[in-house]
Every structure is written in C-alpha cells, then in structure tokens.
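Below are the chains, spelled out letter by letter.
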Amino acid sequence: MTADYELFALRYATRKAQRAEHFIGGDPHDGPMPMDYFVWVARNADRAVVIDIGFTAKSGGKRGRVLERCPIDSLALLGVDPAAVEDVILTHLHYDHVGNFHKFPNARFHLQEPEIHYAVGRYMRHRQLAKSFEPDDVCGIVRLNFDGRVVYHNGAADVLPGISIVPTGGHSAGLQFVKVNTRRGVVVLASDVSHFYENMEAYRPFTVAFHVGEMLEAFDTLRAHAASPALIVPGHDPLVMRRYPAPSPELEGIAVRLDVPPAQ
C-alpha cells in the first residue's frame, strides 16, 4: 500500500459576490470578489477518497449560486465511481459541503462529532447560524448514522494511511481541515477554515462565523500543520484554479491538480 496521493480540486459552481461579503467589518475598497465551490479527491492505487460533496441544484439555486455541473456525477472526469468510494470526509455540515450524501451508496462519512451536535442543537434557532445548513442534509446524516455509516471523530485523527483531519471550529462548531500526503509534501486542504487566501494571509475572518476567536486562531493552526504556506489550499478561492494546472487540457477550468507545486 502507498500513502501518497494524487490530489485534485474539482470546481462545480460559482457565485458573484463583493469583497465586503467576505470579511467581517466589510472592506474599504469594495469591489467584485467571486467565489468558487469545490469538492476534492485524493486518489492512489488503493483507493479514492472524496473530501466534501457539494450542494444540490435545489439548495444552491435558492441561494442564487450558479451550479455548473453536478460535483458527484463529475467525479467520473477524474476516473472516480461514487459507488466505489468507501470513505468521504465532511469538513462540516453546511449546505455546500454535504448536499449529495445520497450519491455515495457504499461510503462511510467522517465528521467531527461536535458538528452534528451543533447542527441539531440549540443554536439552530438563530437564523443567522441556521441559514448555512439544510435540514434535509442534516437529517440525512442522522439517518446514515442509524445505518452505521458515520464515523464520528473527537479531535485530530488519522482517517486513512496518508490522510488525517484536524478540528478548528470557528466558521462552524465542528469544522475540520484535511491533510493529504502527496509527492510534493503534505497538502493542507483548508476548506472553510479559510475561504480565500486573503482571509488567512491578512487575518481577516469570514463573515459566516460561529466563533470569531476560534476562526482567527485557526489560521495559525493551518500554518502550524503546513511545511510551507504554499501547501495550504483555501476552500473557495478562484485563485486556486489559476495557480494550479489542469490534469488534462479537457479539464481546463474544471479541475486542477494540487499534488504539484503552484505556479506562484
């Protein structure tokens, strides 16, 4: 068995937005700052692991997101059959990270246990926090747990050889990021620990926050787990698609490889 993976970011949706929407306190030089939506795939000779699974057309549509392709059907572009996937890592339960759980009939779902308590607990009575969740998605994970298909973690853990998780909280109560061994070193998939490069580089927290202090300290946690800042990949930044190469000409603008160094 090998613990090194090919690692891909698959872009499936976009959102038009302004800079002020991405930083607590707004931005004095407001202007366009679009957002991309990704799922990630770690693949080697032994397995394919999917990290986050995107939103559905229904949940994205009512929020004005532009769904360019079904992220799960599009896994075939990377040679991955969802029915053959045995492990899915969910960084958290917001609508754009868990919406397609039903398309993985044979997978285990890895999640920090505090996240499910948060998603079904007292704080969901507050619209400002609940708006990032879809009740049907949360109930779906609860049902999968009754079927024995959810693996709950409480803290950092090695999920599989070469893949580990680290909880931070902040954006969501049970948020975690993922570390993947690749040929260029351990790549840190930040997911929503840092939506954009600028969030972590300038210590400017994102506007959707459960705990702002934890969000700020999570930027330090990302750095502590990365041998270089160049090995950290944010969760929604369109720059990812420009900094990394496509796996093939046919996938230009759709997917990029994260197991090779960025252009800058």
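Residues numbered from 1 in each chain as written. Predicted model: local features only at pLDDT ≥ 70, side-chain atom pairs only at ≥ 80, totals over all residues. Heavy atoms only, no water.

**Quick look at the pattern of salt bridges**
For the structure shown, the criterion picks out 16 salt bridges. Salt-bridge contacts for Glu6 lead to Arg43; the nearest nitrogen and oxygen are separated by 2.7 Å. With Glu6 in strand β1 (residues 6-15) and Arg43 in strand β2 (residues 35-43), the pair connects residues that are 37 residues apart, well separated along the chain. By relative accessible area, Glu6 is classed as partly exposed at 27%. Of the charged contacts in the structure, one is a salt bridge between Arg108 and Asp87, with a shortest N-O distance of 2.8 Å. (Salt bridge = Lys/Arg side-chain N within 4 Å of Asp/Glu carboxyl O. Helix = DSSP H or I, 4+ residues; strand = E, 2+ residues; numbered from the N terminus. Buried < 20%, exposed > 50% of the residue type's maximum accessible area, 1.4 Å probe, protein only.)

**Some thoughts on the layout of surface pockets**
When its volume is computed, the largest pocket comes out at roughly 410 Å³. Looking at the largest pocket, it is lined by 24 residues, and the ones nearest its centre are Arg65, Tyr95, Lys131, Ser132 and Val208. Elements that contribute at least two residues to the lining of the largest pocket include exactly β2, α2 (95-98) and α4 (127-130). Sorting elements by how many residues they give to the lining of the largest pocket places α4 first, with three residues. Considering only residue class, the lining of the largest pocket consists of seven nonpolar, seven polar and 10 charged. (1 Å grid on protein atoms, 1.4 Å probe; cavity = no way out; pocket = protein on both sides within 12 Å on 5 of 7 lines; lining within 4 Å. Points joined across faces, edges and corners; volume = space filled by probe spheres on them. Nonpolar A, V, L, I, M, F, W, Y, C, P; charged D, E, K, R; others polar.)

**Here we look at the packing of aromatic side chains**
Evaluation of the coordinates by the stated rule reveals 10 aromatic pairs. With 5.1 Å between their ring centres and 75° between their planes, Tyr123 and Phe210 make a pair best called edge-to-face. Residue Tyr123 is found in the loop between α3 (113-120) and α4, and its partner Phe210 is found in the loop between α6 (197-201) and α7 (212-224); the two are separated by 87 residues along the sequence. On the basis of relative accessibility, which here comes to 27%, the residue Phe210 falls in the partly exposed class. Aromatic ring contacts, followed pair by pair, group Tyr12, Tyr37, Phe55 and Tyr95 into a single cluster. Just above the ring of Tyr95 sits the side chain of Arg63; from NZ or CZ to the centre is 3.9 Å. (Phe/Tyr/Trp six-rings, centres within 6.5 Å; stacked < 30°, edge-to-face > 60°. Lys NZ or Arg CZ within 6 Å of the ring centre and 35° of its normal.)

**Points about the nonpolar core**
Ranked by size, the top nonpolar core spans 84 residues in total, and within it Phe104, Ile141, Leu189 and Leu258 carry the most contacts. Among the elements that line this core, the one with the most residues is β2, at seven residues. (Core = buried A, V, L, I, M, F, W, Y, C linked by side-chain atoms within 4.5 Å.)

**So, the sheet that holds strand β8 (residues 157-160)**
Overall, mixed pairing links the five strands, which are arranged β8-β9-β10-β11-β12 in an open sheet. The strands lining the two open edges of the sheet, one partner per strand, are β8 and β12 (232-234). Ignoring which end each strand starts from, the neighbouring axes of this sheet average 25° apart. Across five bridges, strand β10 (residues 176-182) lies against strand β11 (residues 185-191) in antiparallel orientation. (Pairing = 2+ DSSP bridges. Axes fitted to C-alpha atoms, helices over the stretch in contact; angles between N-to-C directions.)

**Thoughts on the side chain of Gln176**
As for its position among the elements, Gln176 is in strand β10. Looking at Gln176, the relative accessible area reads 0%, which means it is buried. There is a polar contact of 2.9 Å between the side chain of Gln176 and the backbone oxygen of Leu90. Setting aside anything within four residues of it in sequence, one finds Gln176 in contact with Ile89, Leu90, Thr91, His110, Leu111, Gln112, Ile165, Val166, Pro167, Thr168 and Ser191. (Polar contact = N/O pair within 3.5 Å; in protein donor to acceptor, adjacent residues only side chain to side chain. Contact = heavy atoms within 4.5 Å.)

**Comments concerning the environment of Glu217**
Tracing the backbone shows Glu217 in helix α7. In this structure, the C-alpha to C-alpha distance between Glu217 and Val193, residues 24 residues apart in sequence, is 9.9 Å.

**Looking at the packing of α3 against helix α5 (residues 135-146)**
For the pair α3 and α5, the least separation of the axes is 10 Å and the interaxial angle reads 130°. Considering the angle they form, α3 stands oblique to α5. α5 is crossed by α3, and the crossing has left-handed handedness. Contacts from Ile116, Ala119 and Val120 of α3 reach α5 at Val138, Ile141 and Val142. The residue makeup of the contact of α3 with α5, split by class, is six nonpolar, no polar and no charged. (Parallel < 35°, antiparallel > 145°, perpendicular 65-115°, else oblique. Left-handed = near helix turned anticlockwise from the far one by under 90°.)

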